[in-house]
Amino acid sequence: MNSQLPAEFRVVVDKERCRRCKRCVLNCSFGTLRFENGVVADDRNCVACHRCATYCPENAITIERNPLAYKYNEHWTEEHRKNILKQAEQGGMLLTGMGNDKPYFSYFDHMVLDACQVTNPSIDPLREPMELRTYLGSKPDALEFEETPNGLRLKTKMPPQVKLETPIVFAPMSFGSISLNAHKALAMAAKELGILMNTGEGGLHKELYPYRDHIIVQVASGRFGVNREYLNNGVMVEIKIGQGAKPGIGGHLPGEKVNQEVSETRMIPVGTDALSPAPHHDIYSIEDLAQLIYALKEATGYEKPVCVKIAAVHNVAAIASGIARAGADVIYLDGFRGGTGAAPTIIRDHLGIPIELAIAAVDDRLRQEGIRNRVSIIAAGGIRHSGDIAKAIALGADAVAIGTAALIAMGCRLCQKCYTGKCAWGIATQNPELVRRLDPEVAAERLVNLIRGWSLELKEILGALGVNAIESLRGSRERLRGVGIDAQALKILGIKHAGL
Ligand code: SF4
Ligand code: SF4
């Protein structure tokens, strides 16, 4: 069937500037460019990954939106018609990569932080120490000490804690959905920064074992790569129940991405589809979840916190309360802007709730029930800068996880074609030619720079608020105000409107 889909983008090559080096043709992994007496573009294949434009030595390439691909219609938007045409040609579900890109209301963008003036002095982070260190794990409500000849000694047995030098971790991204070089970059950066990366559901490649002190190992419904050795090669174990980008459904890594290394790491045959079921087939109640939490604690000698990751959905506060009572030490909340390597577009764009509301609802509920200290909260799903981090922590999170921002730092251009396995930047691919394009050391350096920059900004924000530790910001909603947020949402967020 001939495609009726118009090209979304146009590749414009400035013929005056082009010196026919063919670098763009070699860099294009989507089959858009070829060389026939000059660069020729098949615009229909262009996904706007910008690899060609970035590496053209003459700046001769511009990628443009095709201006009249679809006649304007307010109701039948370009995207609706494009999707209908695609499905009319292919049948089946439409897939996409990365997070929800629809124009839902952003609460982060409608909240502002307080600042000290006159009577409540601010603190200058260049002259005063500022503490960003954060410990993830269950905390006792009170500490007991006993007298010894050498002074007071802590009597309370502390549950296992994991230290972060700054309240940021890298979000779970599996080896398989992203390349080994991308995984290595995340691990190297996590070690350098004193934070954590997360294996995602694809197991842990042996080359990452040296980074075990900075790794969260995930146990998902497919149980890929999970055994005792795997569990003990991380500092925290995470049970993945749900994911913000695709709440309520399972995962699918196509067989083409399951090469020898992915197969060994996931413990599945080469070339087979890796299907994670939607539910864990041994979890149908909070009691079942409690059993798995304790099985994992047993397997790891009660030395590692166990985290439970859920997608932010309508009844998230009650679910989180159940998870805390089931014995989890950390709850990971993933909002509807969270990224993915592959998800049905319709699920990604229409299920789940914003992370801001979920953090506030969960923190509130756990406080009301007197169990807030039992768990740490990691919040994720669309964190874009240090301002979002400060706001998430003021709403009640202990730390945040970043996935998309980390990929962008490594080179991702948000073309949303991760599910094709053709990522031109060597990130969401297993093609050895493409994987080679991502130098793990360079990518790690870029990640370190990003997190260092954000950490410096967080210190500035704390100073402006007049506090010297991130711990003092956690759950301090009185330091937030809404701008243009309706009364119901303000109530859920637990904040006042600006001006009050
Ligand atoms: S990379 Fe730039 S200069 Fe080289 S062939 Fe392509 S357009 Fe021409
Ligand atoms: S990871 Fe690669 S394929 Fe996915 S959005 Fe980024 S550039 Fe595109």
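Not measured: the values here are computed from a predicted model. (Residues numbered from 1 in each chain as written. Chains lettered and ligands numbered in written order. Predicted model: local features only at pLDDT ≥ 70, side-chain atom pairs only at ≥ 80, totals over all residues. Heavy atoms only, no water.)

(A) Region of the structure containing the sheet that holds strand E22 (residues 480-482). Across the sheet, three strands lie side by side as E6-E22-E23; this open sheet has mixed pairing. Looking at the sheet topology across the chains shown, the edges are occupied by strand E6 (111-113) and strand E23 (496-497). For E6 and E22, the ladder comprises three bridges, and the chain directions are antiparallel. Within E22, the residue paired with Met 111 across the bridge is Gly 482. Across the face of the sheet, helix H11 (residues 386-395) comes into contact with E6 and E22 while running at roughly 90° to E6. (Pairing = 2+ DSSP bridges. Helix = DSSP H or I, 4+ residues; strand = E, 2+ residues; numbered from the N terminus. Contact = heavy atoms within 4.5 Å. Axes fitted to C-alpha atoms, helices over the stretch in contact; angles between N-to-C directions.)

(B) Inspection of the nonpolar core at higher detail. In this structure, Phe 170, Leu 186, Ile 402, Met 410, Ile 427, Leu 447 and Leu 493 are the most contacted members of the largest nonpolar core, which totals 131 residues. Both domain 1 (9-92) and domain 2 (134-497) contribute no fewer than three residues apiece to this core. Once you skip the residues sitting within four places of it in the chain, Phe 170 turns out to touch Leu 186, Ala 189, Ala 190, Leu 193, Ile 195, Leu 196, Met 197, Asn 198, Ile 402, Ala 406, Leu 447 and Ile 451. Leu 33, Ala 53, Cys 56 and Ile 61 belong to the second largest nonpolar core, which has 14 residues in total. (Core = buried A, V, L, I, M, F, W, Y, C linked by side-chain atoms within 4.5 Å. Buried < 20%, exposed > 50% of the residue type's maximum accessible area, 1.4 Å probe, protein only. Domains from an automatic or database assignment.)

(C) Looking closely at the site of ligand 2. Residues in contact with ligand 2, as listed here, are Met 98, Cys 412, Arg 413, Leu 414, Cys 415, Gln 416, Lys 417, Cys 418, Cys 423, Trp 425 and Ala 428. Taken together, the residues of the shell around ligand 2 break down into eight nonpolar, one polar and two charged. (Near = heavy atom within 4 Å. Nonpolar A, V, L, I, M, F, W, Y, C, P; charged D, E, K, R; others polar.)

(D) View of the packing of helix H4 (residues 180-193) against helix H14 (residues 440-465). Put simply, H4 and H14 touch, their axes get as near as 8 Å, and they point 45° apart. Considering their axes alone, H4 and H14 lie oblique with respect to each other. As H4 runs across H14, the sense of the crossing is right-handed. Residues Asn 181, Lys 184, Ala 185, Leu 186, Met 188, Ala 189, Glu 192 and Leu 193 of H4 touch H14, and the partners they reach there are Pro 440, Glu 441, Ala 443, Ala 444, Leu 447, Val 448, Ile 451 and Arg 452. (Parallel < 35°, antiparallel > 145°, perpendicular 65-115°, else oblique. Left-handed = near helix turned anticlockwise from the far one by under 90°.)

(E) Structural context of the state of the cysteines. All chains considered together, the criterion is met by zero disulfides. Summary of cysteine pairing: Cys 52 is not part of a disulfide, and the nearest cysteine sulfur, belonging to Cys 49, is at 6.4 Å. (Disulfide = S-S within 2.5 Å.)

(F) Spotlight on the environment of Pro 103. Among the structural elements, Pro 103 can be located in the loop between strand E5 (95-96) and E6. The class of Pro 103 is exposed, set by a relative accessible area of 82%. Between the C-alpha atom of Pro 103 and that of Asp 14, which follows or precedes it by 89 residues, the distance is 34 Å.

(G) Spatial organisation of the pattern of salt bridges. All chains considered together, the criterion is met by 35 salt bridges. With a shortest N-O distance of 3.2 Å, Lys 102 and Asp 349 are connected by a salt bridge. Residue Lys 102 is located in the loop between E5 and E6, and its partner Asp 349 is located in helix H9 (residues 345-350); the two are separated by 247 residues in the primary sequence. The same class applies to Lys 102 as to Asp 349, namely buried. Its salt-bridge partner being Glu 192, residue Arg 452 comes within 3.3 Å of it at the nearest N-O pair. You can see Arg 452 sitting in helix H14 and its partner Glu 192 sitting in helix H4, a full 260 residues away along the chain. On the basis of relative accessible area, Arg 452 is assigned to the partly exposed category, the value being 42%. The network of salt bridges with common partners includes Asp 363, Asp 364, Arg 367, Arg 372, Asp 398, Glu 471, Arg 474 and Arg 477. (Salt bridge = Lys/Arg side-chain N within 4 Å of Asp/Glu carboxyl O.)

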